[in-house]
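Letter by letter, the chains look like this.
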Amino acid sequence: MPRVPLEITRRDLLKSGLAAGAAGLVGTNGLRGAPAMAAGPDEDAWYRQGEIRTTYNVCDMCPWHCGVVVHSVDGVVHKIDGNPHDPKSRGMLCPRGQAGVSFLYDPDRLRAPMVRTGERGEGRFQEVEWDFALDLIAQKLNQIKERSGQESVAIFGHTAGDSWWAEHFAQAWGTPNAAKPSSSLCISPREEASLLTFGTPVGGHEPLDWAELECLTLIGSHIGEDSRNTVMQDFAGLHGRGGTIIVVDPRFSSAATKADHWLPIKPGTDTALLLAWIHVLITEELYDAAYLDRWATGFDQLAEHVRDMTPEWAAEITDLPAEAIRDTARAMAEHAPRAVIMPGRHVTWYGNDTQRMRAVFIVNALLGAYGRHGGMYFNQAPYIQDVPHPPYAVAGSAGGCAAEPGDDDELGELPTGPTGKARADGARETFLQGPTAMQELIDPMITGDPYRIEALICYGVNLLHSVPDPERTKEALRNLELFVAIDVLPQEHIAWADIVLPESTYLERYDELFTMAHRTPYIHLREPAIEPLYDTKPGWWMAKELGERVGLENFFRWDDLEEYLTTRLRSVGSDLDDLRDRRGVIVQEGRPFLEDFEGSSPFATPSGKIELYAQSLANAGLDPLPVYEPVEDPPEGYFRLLYGRHPVHTFAKTQNTPVLSEAFSENELWLNDEVAVELGVADGERVMLENQDGATSGPIKVKATPRIRHDAVFMAHGFGSDAPELTRAHGRGASDTKLQTRYALDPICGGAGLRVNFVRITLEA
Ligand SMILES: Nc1nc2c(c(=O)[nH]1)N[C@H]1C(S)=C(S)[C@@H](COP(=O)(O)OP(=O)(O)OC[C@H]3O[C@@H](n4cnc5c(=O)[nH]c(N)nc54)[C@H](O)[C@@H]3O)O[C@H]1N2
Ligand SMILES: Nc1nc2c(c(=O)[nH]1)N[C@H]1C(S)=C(S)[C@@H](COP(=O)(O)OP(=O)(O)OC[C@H]3O[C@@H](n4cnc5c(=O)[nH]c(N)nc54)[C@H](O)[C@@H]3O)O[C@H]1N2
Ligand code: SF4
Ligand SMILES: [Mo]
């Protein structure tokens, strides 16, 4: 083959106007209409503009936290790839991960510290120096501490980096009122149910042994729309090798399109289905008797409990055929123990969610799946020591998606602060101790009951989009003495802050190490690819600077994060350079299966066994075995409001990201097509939504489809922003949160069930 200098040929062709002809030539080989293929190497490409700098990071575009490799040239980030050495990303990324570059260069970013000059909510600010902003916050915090005690300060945190605030700063300062939305608005029922049943929480990485799994059941987990990178890889793998897939969802979700069995359940009735499955597994003797004999307690009570909960009983409740219930239970048993109901992630649905999750775990136990190949493995947190510091003033209770086994979630007393006040998230004496319920800390800001929360530091939480009843939250914000918001974007709640601290994005900062509980426990590095843009700073720097101003200097006995990370890494025989040499990740060995425990029990429950019957629930006066509780039906003319993820967006944080906004700029209202005809609403028409309490949101475009039941509507969460400063996200679509004026409180874990709201459709004015 002659060596053709392709780029010159291409340029010459362009100059001579023959480029189209050249493309046509390529087209005769089957590439017609693909002129880009004929373009050849691009002389101006970023990777030819200078030395490529490679840094290691953890994607922060969603809480899945894939390990990434970031490529930059001359202080400009150009490309992000999955880190092939990271057990989580395995060298791949989802579209949101790729869009990190666009997130970094979003022109609407917060650029400098600001102090409020207008009324709360008006969004009028003056830019100030960092010292001024931090001195002001410190002065206010000290005043509040003196007058009302440390407990009067609440700290909310999410996004990676939240440990500096919702954990380290909060515990050093002495407030038990630290919370993450990823607990009581996401995983807390699952974690509490897992603790009660198996003695360990599920943790940040759901421990399915995907490689050997044969039968997967999804209960309202919509993989594909929930686009967590490795979960999609694993799901595709299972589907590709012909695994059995059962999807229970009132909507024909992306996962349902790949399923062998789709059960379009009546929303809110899953516990009845699960109890009927348990009935079938027990009465047809399809359970793993030897496994249960060795590892479980409470089987007889369970068998007695479900005796009358036949598929026929559940069919009435769930709107599913009894035969389908029987068939799916048998399908699971046929593959046991290589059959699992996926624990799921966002599981705060109807308020009785811990009991539903207990029923999920009981089915998994009957199948003998926990600790078995092809079932669920035991996660282990990696070994690494903390940087030494004085004892904390309070125990941690913020919890979150990244909860690690044995971390914060022990059962026991609610934590108290230095002045003796217990956590303010409600009168929860009868509850088991779960992580703090964020939504329950809003009322004490308004009512002063059990005591007034006077200040709020909000780090990386989208306060008016993540917590239900945003009007109540606004009232709470009006009542605060001090509201500090630490964010990267001018989200809706920023307009309500007294002081705004702009953070550098994950691509511009060092951060705490990521210590992931996993089959192969691992540690991952986050280091900056470029210097911080504008006058932004990393969250750790803010925590340290503020800590030093409020007398917590002993908790920050290091100069910078390089020193901090090196100190931590020494405990595993590593340091920063070594970690870079290892491509950003240290992988350790775990003990994933029962045989790795050499006969000792891996189940850290009081009995040392899987507790099918939960004695600790009975002791607290709660149902020791899962009970189905009916949920309220939608009133005449209303639909149950369901919501979920969209594959190219994360919550309410990426709608303004330029490339993601281009891909999908507004959400749609899934409405059953027959119902749409009855209502006289056309596909694509924009409508307004009004909920049972008169709250409205929209306009939103109707997607008339047979893929959803008649009694519910569905939308992707995170749209309908009212922040004019978000130039691409503002006013696009509808907000599920604004239509969630009520929630059902889970009496066991404090979770907020959000699917108890109803909407009616009105035509756009
Ligand atoms: N109505 C409704 N509510 C929900 C949900 C729902 O589906 N519907 N989902 C629930 C679930 S599952 C979860 S996990 C939570 C998620 O709750 P959130 O984490 O609050 O959701 P996001 O909208 O992603 O908000 C992240 C915030 O962090 C900011 N941010 C992004 N990067 C950085 C950074 O590097 N530093 C700082 N300081 N800030 C940053 C964003 O601008 C945004 O304000 O919401 C829960 N609440
Ligand atoms: N693209 C993208 N992916 C994400 C995220 C993101 O923001 N964007 N966020 C991540 C996070 S933190 C979380 S928690 C997960 C959340 O993702 P998932 O854990 O999958 O949870 P949901 O969003 O609750 O799932 C919604 C599904 O539940 C169905 N559903 C509604 N009501 C019922 C019911 O009563 N019964 C049953 N069986 N099904 C019902 C809905 O139709 C919908 O298909 O996604 C993660 N992945
Ligand atoms: S799943 Fe996607 S957005 Fe989430 S961490 Fe991984 S690459 Fe980033
Ligand atoms: Mo979540």
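**Student:** Got a minute to help me understand the site of ligand 2 in this structure?
**Tutor:** Not every one of the 34 residues close to ligand 2 is listed here, only the nearest: Ser227, Asp249, Tyr350, His649 and Arg755. Contact distances for ligand 2 include 3.1 Å between a nitrogen atom and a side-chain N or O atom of Arg96. In terms of residues, the shell around ligand 2 owes the most to one element, strand E20 (residues 639–644), which gives 3 residues. Here the shell around ligand 2 is composed, by residue class, of 14 nonpolar, 10 polar and 10 charged. Residue assignment places the shell around ligand 2 across two domains, with domain 2 (205–378) and domain 3 (639–763) each supplying three or more.

**Student:** Honestly, helix H6 (residues 130–148) in this entry has me stumped. Any pointers?
**Tutor:** Note: α-helices contain 3.6 residues per turn, so residues at a spacing of three or four share the same orientation. Taking 1.5 Å of rise per residue, 19 residues should cover 27 Å, and H6 covers 27 Å from first to last C-alpha, within 8% of that figure. Within the sequence span of H6, burial applies to Trp130, Ala133, Leu134, Ile137, Ala138, Leu141, Ile144 and Ser148. Along the long axis of H6, the arc covered by the buried residues comes to 135 degrees, so they all point the same way. In H6, the exposed positions angled more than 90 degrees off the buried face are occupied by Glu146 and Arg147. Contact partners of the buried residues in H6: strand E6 (153–157), helix H7 (163–173), strand E13 (455–459), strand E14 (482–487), strand E15 (499–502) and helix H19 (539–549). A positive backbone phi angle near 95 degrees is found at Gly149, which sits one or two residues after H6.

**Student:** Please explain the side chain of Arg251 as it appears in this structure.
**Tutor:** Examined against the element boundaries, Arg251 turns out to sit in the loop between strand E9 (244–248) and strand E10 (261–263). Here Arg251 falls in the buried class, since its relative accessible area comes to 2%. Aside from chain neighbours lying at most four places away, what touches Arg251 is His222, Glu225, Ala256, Trp262, Trp670, Arg707, Ile708 and Phe714.

**Student:** In this structure, what is going on with the sheet that holds E9? I would like to understand it.
**Tutor:** Sheet strands line up and pair through hydrogen bonds in the backbone, either parallel or antiparallel. What the 4 strands build is an open sheet, ordered E10-E9-E8-E12; its pairing is parallel. Edge positions in the open sheet fall to E10 and strand E12 (339–341), since each of these has one partner strand only. Adjacent strand axes in the sheet meet at a mean angle of 10 degrees, parallel and antiparallel pairs treated alike. When E9 meets E10, the two strands line up parallel, connected through 3 bridges. Opposite Val247, over in E10, you have Trp262 as the bridge partner. Where helix H10 (residues 270–283) meets the sheet, its contacts fall on strand E8 (215–219), E9, E10 and E12, and the angle it forms with E8 comes to roughly 150 degrees.

**Student:** In this structure, what is going on with the packing of aromatic side chains? I would like to understand it.
**Tutor:** What characterises a pair of aromatic rings is the spacing of the ring centres plus the angle enclosed by the ring planes. Summed over the entire model, instances satisfying the criterion amount to 23 aromatic pairs. A centroid spacing of 5.2 Å and a plane angle of 35 degrees characterise the contact between Trp165 and Phe169, whose relative ring orientation is tilted. Of the two residues, Trp165 and Phe169 are both situated in helix H7; the distance of 4 residues between them amounts to about one turn of the helix. Taking relative accessible area as the criterion, Trp165 reaches 1% and is therefore assigned buried. When the ring of Trp295 is compared with that of Phe603, the centres are 5.8 Å apart and the planes differ by 65 degrees; the resulting orientation is edge-to-face. Highlighted residues: Trp295 in helix H11 (residues 289–295) and Phe603 in the loop between strand E18 (585–587) and strand E19 (610–611), separated in sequence by 308 residues. Owing to a relative accessible area of 9%, Trp295 belongs among the buried residues under this scheme. Look at Phe603 and you get buried, because its relative accessible area is 3%. Among the aromatic residues, those joined into a cluster by ring pairs are Phe198, Trp295, Phe361, Tyr370, Phe378, Phe597 and Phe603. The ring of Trp558 carries Lys544 above its face, with NZ or CZ at 5.3 Å from the centroid. Stacked on the ring of Tyr643, the Lys or Arg Arg755 has its end atom at 4.6 Å from the ring centre.

**Student:** Looking at this model, I keep getting lost on the site of ligand 3. Mind explaining?
**Tutor:** As a matter of local geometry, ligand 3 sits amid 13 residues, with Cys59, Cys62, Cys66, Cys94 and Asn229 nearest to it. Of the residues that constitute the shell around ligand 3, the class distribution is 7 nonpolar, 4 polar and 2 charged.

**Student:** What's the story with the pattern of salt bridges in this structure? I'm lost.
**Tutor:** A side chain with one charge may pair with a side chain of the opposite charge, provided their charged atoms come close. Scanning all chains against the criterion turns up 49 salt bridges. The shortest N-O distance in the salt bridge between Arg116 and Asp498 comes to 2.7 Å. Of this pair, Arg116 sits in strand E4 (residues 114–116) while Asp498 is found in the loop between E14 and E15, placing the two residues 382 residues apart along the sequence. Take Arg116: its relative accessible area is 26%, and that puts it in the partly exposed class. For Asp498, a relative accessible area of 9% translates into the label buried. Put simply, Glu312 and Arg326 hold a salt bridge, and the shortest N to O gap is 3.1 Å. With Glu312 in helix H13 (residues 311–318) and Arg326 in helix H14 (residues 322–335), this residue pair connects regions lying 14 residues apart in the sequence. Owing to a relative accessible area of 40%, Glu312 belongs among the partly exposed residues under this scheme. Each member of the salt-bridge network shares a partner with another, and the members are Arg190, Glu191, Glu206, Asp226, Arg228 and Arg345.

What counts and what doesn't
- Residues numbered from 1 in each chain as written.
- Chains lettered and ligands numbered in written order.
- Predicted model: local features only at pLDDT ≥ 70, side-chain atom pairs only at ≥ 80, totals over all residues.
- Heavy atoms only, no water.
- Near = heavy atom within 4 Å.
- Polar contact = N/O pair within 3.5 Å; in protein donor to acceptor, adjacent residues only side chain to side chain.
- Helix = DSSP H or I, 4+ residues; strand = E, 2+ residues; numbered from the N terminus.
- Nonpolar A, V, L, I, M, F, W, Y, C, P; charged D, E, K, R; others polar.
- Domains from an automatic or database assignment.
- Expected span 1.5 Å × (residues − 1).
- Buried < 20%, exposed > 50% of the residue type's maximum accessible area, 1.4 Å probe, protein only.
- Arc of directions from axis to C-beta.
- Contact = heavy atoms within 4.5 Å.
- Pairing = 2+ DSSP bridges.
- Axes fitted to C-alpha atoms, helices over the stretch in contact; angles between N-to-C directions.
- Phe/Tyr/Trp six-rings, centres within 6.5 Å; stacked < 30°, edge-to-face > 60°.
- Lys NZ or Arg CZ within 6 Å of the ring centre and 35° of its normal.
- Salt bridge = Lys/Arg side-chain N within 4 Å of Asp/Glu carboxyl O.

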